[in-house]
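Given next are the chains, with one letter for each unit.
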Amino acid sequence: MLADVLNVQESDLDAQAELTEFGLDLLKSTEFVDQINLNYSSKLTPQVLTDQLTIAGLARSLNERTETTVDQPVSDEKRIKNEIDVALCKFLCAELQSMGLRRGLTIKVEQLQSALGVVDLYSRWLKESLRVLSNAGHLEFNGGVCSTADMPVFDLAVVQQEWDEKKSAWNESGHVASLVQLAEITLQQLSQVLQGGKRATDVLFPNSSMALIEGMYKNNPIADYFNAVVGDAVIAFVESRISQDPAAKIRILEIGAGTGGTSAHLFERLRSYQSNVEEYCYTDLSKAFLFHAQREYGEANPYLTYRLFDVSESIHSQDIQPGSYDLVIAANVLHATRDIRQTLANAKRALRANGLIVLNEISTNNLFTHLTFGLLPGWWLYDDDALRLPGCPGLSSEAWEMVLQKEGYKSVFFPAAVAHGRGQQIIVAESDGVVAKSPDAAAERNIDVSRRSLASLPIDAIEGSLDSYVKQIIMEKFSNSMKVAPASIDTEAEFSSYGLDSILAVSLLSAINQALEIDLNPTSLFKYTTIEALSGYISRQHGAEIARSRAIKPLTKQHGKQQQGGGTLAAPLQVDLEKMSQSSDETRIVPIRLASPAEQNIEATGQCNSVGLQTITIPDKHPIPVTLYYPTSSPSREIRMGVFTPHVALNGKRPDSVRGLIVISHGYGGNGLAHHSIAQHLASKGYLVVAPQHPLDQLYDSSLASPFRFFERPRQLSRVLTETLEDPYWGPRIPLDCIGAIGHSGGGASVLTLLGGYPNPSRIVRHCSSAADDQNFCELLPKVARIETGEVAREAEGHDFDAIDDRVRAAIIMAPMGVVFEPESLQTITKPLRIYTAERDDYLSHKYHGEWLYDHIPHAEFEEVENAGHFSFMAPASVPAEAHNGGGDLWRDPDGFDRQAFHARLHDDVEAFFFRHLPGEMSARFGDRVQG
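Conventions and cut-offs
- Residues numbered from 1 in each chain as written.
- Predicted model: local features only at pLDDT ≥ 70, side-chain atom pairs only at ≥ 80, totals over all residues.
- Heavy atoms only, no water.
- Disulfide = S-S within 2.5 Å.
- Buried < 20%, exposed > 50% of the residue type's maximum accessible area, 1.4 Å probe, protein only.
- Core = buried A, V, L, I, M, F, W, Y, C linked by side-chain atoms within 4.5 Å.
- Helix = DSSP H or I, 4+ residues; strand = E, 2+ residues; numbered from the N terminus.
- Pairing = 2+ DSSP bridges.
- Right-handed = clockwise from strand over helix to strand, strands pointing away.
- Phe/Tyr/Trp six-rings, centres within 6.5 Å; stacked < 30°, edge-to-face > 60°.
- Axes fitted to C-alpha atoms, helices over the stretch in contact; angles between N-to-C directions.
- Parallel < 35°, antiparallel > 145°, perpendicular 65-115°, else oblique.
- Left-handed = near helix turned anticlockwise from the far one by under 90°.
- Contact = heavy atoms within 4.5 Å.
- Nonpolar A, V, L, I, M, F, W, Y, C, P; charged D, E, K, R; others polar.

Sorry, what's going on with the state of the cysteines here?
Should the sulfur atoms of two cysteines be covalently bonded, the bond is a disulfide. Counted by the stated rule, this structure contains 0 disulfides. Cysteine 93 provides the cysteine sulfur closest to cysteine 89, a residue in no disulfide bond, and the two sulfurs are 8.4 Å apart. What makes cysteine 89 buried here is its relative accessible area of 9%.

Here is the structure:
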């Protein structure tokens, strides 16, 4: 090592000669000691070269300090690393083969991703994995095409056995033990993570524990070495400040401190300077790490403060004063951001002039990090690929130097350059004090506690209300988990605004499950993102079992919106589980069975599944309630739900596979049950049908503030499709080439937008100012006065209403709005489309809507339904007309029209359309998907 540092031959060196004779200056001494520390896991300082005057003396000292010998070959570490990499490659290949990767394929990576059921989050991960396996010679991956013609076939059990036989020897080397354990645990759950069945954070932080991760960042020689270099830089800065001003008060900000691997080392080094440290701000994106730091380090380090902080966002919106910190430290965190330049600019805003930034960052792309931390969402956030190392978010030393200098950091240097081959690098730079302008601080959220929060009442004080009981339990557990006073909790605020993340979600949900004696999946907290939404979901889905266990009767709620002329429209419709379980035929209205002759015939032979029904809420700017219909083996029954009585198995057993996915978009006045008869029929034939209720878009809903809500509907449909396809259960079971859509009235226009139609609000303005024979349509639109004055046209300027969703392969629209579309855009629609119009449609004039669309769409099928009215496409109601709660024409048809008979025929036509234009019954097996 000394010969390398001095650039001489080993034979030129005398082990008995004094080191001073070799011309070691400060720089070469430091480099020599760094090499020793890295190769022999020691913690020597350059002072040892003065204490031990000869090479032989240095060797004796090293033996005593490290309990090793200088004869131990450096190649041992490389050999172990190579063995682990080979084993990891086999393990990775075996896991992908267990998911369906088979020999003899030539397939595009996008098709492979679909066939393996890998969620979109891991598309880049999969490409990098294929590159790794290609480099290892297991397959070929080039130009986005994977070939497995000569791929070896690995038995997962055999691979696991080989791993077990070797890991005891690996673990003897000490510092790789934590690496081996973490890699093994991750690989054993890899398929579940890739297919969305389990979150990577649940694997890396089981039950919110930091134990698996801590060993990677401290108490191993490699991590300790780089932490020591960070410590040297920090202490050198602190001592320099104190030498200039003995009373100096130094403020330190650590970004993404995590488990405290770097922090713990710094706290020890700062102990002698405690009186000069004004603040050490310990930050992270997760409150779980802040709670961990408070428990582990708070008592011994009185200068510690704790803060949620996202370095990818402006510091102004996070209450950090510009130029307020002397030191910014970030260990293995800045790479996990979208734009490294913006990240460094944000960090610089926190630094005073000549303040120091000290970074500990990855320097290489290696297989271990890819298979562990590479599964975390933050690993693939980056958009600036050109700056990153190929296949990972890390930056080379040259890239760090370039981007730091461009962002106004000076004196960039790398104090551990000789060690970069070990996978890490330390970067130190100084702020030039010039800070770019930042956007104004965001307005703080105003919490109205008196209106929206619950008081901290004892459970015994809540009488008779299941909703209140569930909400109070959630409040109590949320308060305990997040260290937030109950009185300050806003029940309509997003959980994320309090710092809840996937790590804390595990412990919070465990507490809720235990208290309510239910079994919720952690994904519930990410679908129902407020206390109000989560408590409502729990009450609906688990109300009966909670009521039985707590002897509390659920509340029966009246749902509906006030009609302008009095009366209500029953939407959204909720299910009172307790009441349904106690209802009898004597007290329940006998429903009309809505089944086509074909369906009745199949049921008679016992060949048709029942239909399951489930309701969920998808989080969005305005949460989207969704009704799911699906084939099930559970027994179904007639269930009264508002004015409808579907024949379903509520929360029935979900199927192992589905034929396809159909999304239904209702018109004004509709909801997830408005077309339940069509949905039931399709579900009985094997489809999963999702029927969202468009928020703030109902005929009698005065909260609709602007006609622009109509143009939000297509985006909501795409949001529902995405959530369904990414759902851990449904996503892998849905053939991606078998997705269709159905829309009625405004829903028809929403579906048409997904196919390529471009809506333009200005066309509504022009149309409604001149078309005297279509005034019913114009009167249906909310805020018509704003249309007449042209305010809508002014609002539309600069907006892009393009919402094409290529996932939808075929569609049916019924009594659709038409005049809103630019005619040129309709010419581009090539996907299969069927248009139904109603002969006696009093709301939408044919020549401006259904027929007008048919004239402008080249290849559409068309049918005018004789004697039908605009609302005849909605499911028949199951209650008498006088009980329709003011729904008026929604439930009435022209004289002589039989809605029930029409729907029996409509069901078969709809099924036949999708049978023709979507692939036949699909298998979830890998081979079938590839061939398809």
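Could you clarify how one ought to interpret the nonpolar core in this entry?
Note that soluble globular proteins tend to have their nonpolar side chains buried in a common cluster. Counting residues in each nonpolar core, the largest one holds 80 residues, and the members touching the most others are Ile538 and Leu752. It is helix H20 (residues 466-482) that provides the largest number of residues to this core, a total of 8 residues. If you look at the next biggest cluster of nonpolar residues, it comprises 61 residues, including Ile80, Phe91, Leu371 and Trp379.

So what exactly am I meant to see when it comes to the pairing of strand E7 (residues 325-331) here?
Working note: regular strand, side chains alternate between the two faces of the sheet. Burial within E7 is extensive, with 7 of its 7 residues counted as buried. Where E7 meets strand E8 (residues 351-362), 6 bridges bridge the pair, whose relative direction is parallel. Residue valine 328 lies in a different strand from E8, and its bridge partner there is isoleucine 357. Chirality of the crossover, the property in question, places the unit of E7, helix H16 (residues 340-350) and E8 among those that are right-handed.

How should the packing of aromatic side chains be read in this particular structure?
The relative placement of two aromatic rings is captured by the distance of their centres and the angle of their planes. Scanning all chains against the criterion turns up 20 aromatic pairs. Taking 5.4 Å as the distance between ring centres and 75° as the angle between the ring planes, the aromatic pair formed by phenylalanine 913 and phenylalanine 914 counts as edge-to-face. Judged by relative accessible area, which is 0%, phenylalanine 914 ranks as buried. Feature note: the residues Phe267, Tyr280, Tyr282, Tyr297 and Tyr303 constitute an aromatic cluster, connected by ring pairs.

Mind showing me how you'd approach the packing of H16 against helix H18 (residues 397-406) here?
For any two helices packed against each other, one specifies the inter-axial angle together with the distance between the axes. In contact at an axis separation of 10 Å, H16 and H18 are set at 55° when each is read in the N-to-C sense. With respect to H18, the axis of H16 lies oblique. Crossing of H16 against H18: the hand is right-handed. When H16 is examined against H18, the residues Ile340, Arg341 and Leu344 are found in contact with a partner set consisting of Trp400, Met402, Val403, Leu404 and Lys406. By residue class, the composition of the contact of H16 with H18 is 6 nonpolar, no polar and 2 charged.

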